[in-house]
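# Per-entry structural report
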Amino acid sequence: MSPGAPQEGALGEGESARDEVLQPQQEREEAGEQEEDYGVEVVEETPTHLPFAPSSELLDDVTTVDPSYTISLIRQLLPQGSIVAKEFSAKQGDPEEKGENSENGESAQLESKDPWEECGCILWDLAASKPQAELMMNNLVLEVLLANLHVTQSPRVKEICIGIMGNLACHESLVDAISMQNGLITMVVDQLFLDDSACLSETFRFLAAVLRSSASVSWAEALLPDEILSRVLWIVGNTLNSTLLEKSIEFLSTIIDNQDVTAILLQPLIKVGFVDHVISLLASEIEKISDESKFDRSASRDLIFHFMEELSATDSCLEVMSSSDQLIQVLDKIIKLPDKFEVSSYCASVVMILANLLADGKHIVPSLSHDLPFLEGLFDILPLVCDDNQGRNALWCILARLLAQAQGIDMNSSSLKQFVSLLLGKFTLIKDDLESHRVDKVDLSAEDTYLKHGISTSLSTICCIMERWIAEKSSLSEEEDPLTESTIENARKLLNYCQNYDM
């Protein structure tokens, strides 16, 4: 990575926290003129994030950025008459100057091009470079940003300030200094109570960065009050902004991934309804699949499913999840969808979640084992997880558990016939999956051994069901059961395949 390359989690050249395409300068100015001409606030058409980023050469070779230029950008952000303005002037050896922003840190909304915003956005981009970030830190950038946050009422100014901090926090060597800045932790946490989605997105991005750092404990402790945790969950459950949803879930995922943070925040989160909130969010997103009038958020659903999968691998969360009827209903609905095209990208997560639930919530197994449409849906998922080893392993483990449960209970003739009909109809899917995943016995990994157990248990159970049905039909006369010979022959083929399959 070149010295000027953005660090993980930083917004670099050409990137935007809202993932929006930036408008050319002329179009942005015209948008501002149009707003004045018509007297209507333009929400969607006006730019909502970074202006033109510095050229790629600028970021790739930070030596081309004169330190005095970066310092001059910080000077432009100084709130008029603030204490930090005097400190800055003293540090630079300048005569005391008024800050460029006559509104005490607020954006000049009457102009289509705001100097404060332009300078702030350039700093935001430059902060992705470690040398530039270090230069900013040595020149009171945190004090300047905090001073603006104290005085401004502008959501745009707050977004830029927190965005710059977020990029600074992506450099591990700077996080301790950032965290020790007087009043900064409280100020950032307070931003969670704003109602602006862009500000909240940047706040969550910043918090995710610091929770991945060596200073994570002090930040986790600052987030402990129930009021703050409840606010986080309210945002996750109620936002309609895809970027905010993404950033808030990434923040929660960071809590799960860091053991020190998990030890501090997971139980308090569960106490305020963490797991139930995420399940309700998932249920709400699944309802939108069949509603064409709703905005498509397939990317958000994918993110939520992956996060739910992560939670199902956490014992404290799994305990709550396994007792949730709502979650079982959501998984049941997805698995029984006749056309799984819209959900194919997260089928692997669905079976991973279900496998973890069945391992913990054994009370769920009996009802699912006799739900034939559910079993049929599971077999239909086989080709959708064929390239995902963990998902495929989980699916065969589920099938083994459910088929063994079904076979272990006495079936009447009607139930047996339905099971055989299901298995014969899915023979091709079963065979295609097994034939395309043969493994060299010499190199069996632990994962392969686990998979082999699931497959062998499933095939053994299928053999028992087919043998019983064939024996039952063979004892009946043609008048008693006028089954065609081809049906019995197909059953024998399935039985023979399962008996002779060797992984």
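Okay, so let's go over this structure. (Residues numbered from 1 in each chain as written. Predicted model: local features only at pLDDT ≥ 70, side-chain atom pairs only at ≥ 80, totals over all residues. Heavy atoms only, no water.)

Bringing the overall build of the protein into the picture now. The secondary structure content of the protein amounts to 27 helices and zero strands. Scored against the burial criterion, the 503 residues of the protein give a buried share of 52%. A separation of at least 24 residues holds for 76% of the contacts in the protein among residues at least 6 apart in sequence. When the accessible surface of the protein is totalled, it reaches about 23,400 Å², and 49% of it is carbon and sulfur. (Helix = DSSP H or I, 4+ residues; strand = E, 2+ residues; numbered from the N terminus. Buried < 20%, exposed > 50% of the residue type's maximum accessible area, 1.4 Å probe, protein only. Contact = heavy atoms within 4.5 Å. Areas by Shrake-Rupley, 256 points an atom, 1.4 Å probe, with all protein chains shown as cover.)

In terms of burial, helix H22 (residues 372-381) is largely enclosed, as seven of its 10 residues are buried. Among the residues making up H22, those that are buried are Leu372, Phe374, Leu375, Gly377, Leu378, Phe379 and Ile381. Considering only its buried residues, H22 is in contact with helix H19 (325-335), helix H20 (347-360), helix H21 (365-369), helix H23 (389-408), helix H24 (413-425) and helix H25 (427-435).

Now for the packing of helix H14 (residues 242-257) against helix H15 (residues 259-271). Pairs of packed helices are described in terms of their axes, by the angle between the two and the distance that separates them. At a minimum axis separation of 6 Å, H14 and H15 run at an interaxial angle of 115°. For the pair H14 and H15, contact is made by Leu252, Ile255, Ile256 and Asp257 and by Gln259, Val261, Thr262, Leu265, Leu266 and Leu269, respectively. Classifying every residue of the contact of H14 with H15 gives seven nonpolar, two polar and one charged. (Axes fitted to C-alpha atoms, helices over the stretch in contact; angles between N-to-C directions. Nonpolar A, V, L, I, M, F, W, Y, C, P; charged D, E, K, R; others polar.)

This brings us to unusual backbone geometry. Note: most residues except glycine have negative phi, and most peptide bonds are trans. Even without being glycine, Leu140 reaches a positive phi, approximately 65°. Here Leu140 lies in the loop between helix H6 (130-137) and helix H7 (141-151).

Here the focus is the packing of aromatic side chains. Applying the stated criterion to the full structure yields six aromatic pairs. Seen from their ring centres, Phe305 and Tyr346 are 4.6 Å apart, and the 15° between their planes marks the pair as stacked. Placement of Phe305 in helix H17 (residues 298-312) and of Tyr346 in the loop between H19 and H20 is noted, with a sequence separation of 41 residues between them. Residue Phe305 shares its accessibility class with Tyr346, and that shared class is buried. Members of the aromatic cluster, each reached through a chain of ring pairs, are Phe427, Tyr497 and Tyr501. (Phe/Tyr/Trp six-rings, centres within 6.5 Å; stacked < 30°, edge-to-face > 60°.)

A few words on the pattern of salt bridges. The tally for this structure, following the rule as stated, stands at 12 salt bridges. Between Lys247 and Glu250 there is a salt bridge, and its shortest N-O distance comes to 3.9 Å. Taken together, the positions of Lys247 and Glu250, both in helix H14 and three residues apart, correspond to about one turn of that helix. Look at Lys247 and you get buried, because its relative accessible area is 15%. (Salt bridge = Lys/Arg side-chain N within 4 Å of Asp/Glu carboxyl O.)

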